[in-house]
Amino acid sequence: QVQLVESGGGLVQAGGSLRLSCSASGSILSINDMGWYRQAPGNQREWVAVITRGGNTNYADSVKGRFTISRDNAKNTVYLQMNNLKTEETAVYYCNAQIRHYTSTYYTPYWGQGTQVTVSS
């Protein structure tokens, strides 16, 4: 089995910063893309950022220049540094990882349980 555990959420004032972490554990042979999504109340889950195993990154237009995604492959961990946060970015943030088990020939997507980020005005 595989678990993704997020941490780092909390309450921050608009313009502030937070750093989210997501660590994968379990029967893991390798991890391909890792990413972050968010879901605000009443809204659909939206993609925020992705990073490949080789370190290539891509961001939603709304967060470019303010958010930075990174990963530590040795720790099976992905990070999201969020700067200059806006009130409308209050949401539950979820990590996602494409994981290959030791006994598998393909990658399976896994989700974390989510961490709440609240940005106050």
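Residues numbered from 1 in each chain as written. Predicted model: local features only at pLDDT ≥ 70, side-chain atom pairs only at ≥ 80, totals over all residues. Heavy atoms only, no water.

**Student:** Quick rundown of the pattern of salt bridges? Include the residues and the values.
**Tutor:** Taken as a whole and assessed by the stated rule, the structure comprises four salt bridges. Close ionic contact of Glu46 with Arg38 constitutes a salt bridge, the shortest N to O distance being 2.6 Å. In this structure Glu46 comes out as partly exposed when scored by relative accessible area, which is 37%. In this structure Arg38 comes out as buried when scored by relative accessible area, which is 7%. The shortest N-O distance in the salt bridge between Asp61 and Lys64 comes to 3.2 Å. Classification of Asp61 by relative accessible area gives exposed; the value is 65%. Connected through shared salt-bridge partners, Arg38, Glu46, Arg66 and Glu89 make up one network. (Salt bridge = Lys/Arg side-chain N within 4 Å of Asp/Glu carboxyl O. Buried < 20%, exposed > 50% of the residue type's maximum accessible area, 1.4 Å probe, protein only.)

**Student:** So what about the nonpolar core? Which residues, and what values?
**Tutor:** Within the largest apolar cluster, 32 residues are counted, with the highest numbers of intra-cluster contacts made by Leu4, Trp36, Leu80, Met82, Tyr93 and Ile99. For this core, the secondary-structure elements that each account for two or more residues are β1 (2-7), β3 (18-26), β4 (30-39), β5 (46-51), β7 (67-72), β8 (77-82), β9 (91-100) and β11 (115-120). When residues of this core are assigned to their parent elements, the largest contribution, five residues, is made by β9. Ignoring any residue separated from it by four or fewer positions in sequence, one finds Leu80 in contact with Leu18, Arg19, Leu20, Trp36, Val48, Ala49, Phe67, Thr68, Ile69 and Tyr93. (Core = buried A, V, L, I, M, F, W, Y, C linked by side-chain atoms within 4.5 Å. Helix = DSSP H or I, 4+ residues; strand = E, 2+ residues; numbered from the N terminus. Contact = heavy atoms within 4.5 Å.)

**Student:** Please give an account of the sheet that holds β7 that cites residues and values.
**Tutor:** Consider a sheet: its strands pair through backbone hydrogen bonds, and that pairing is either parallel or antiparallel. Ordered by their spatial adjacency, four strands build an open sheet running β1-β3-β8-β7, and the pairing between neighbours is antiparallel. In the strand order of this sheet, the two ends are held by β1 and β7, each with one partner. Averaged over all adjacent pairs, the angle separating strand axes in this sheet is 15°, with direction ignored. Pairing between β1 and β3: six bridges, direction antiparallel. Residue pairing in the sheet places Ser7 in a bridge with Ser21 of β3. (Pairing = 2+ DSSP bridges. Axes fitted to C-alpha atoms, helices over the stretch in contact; angles between N-to-C directions.)

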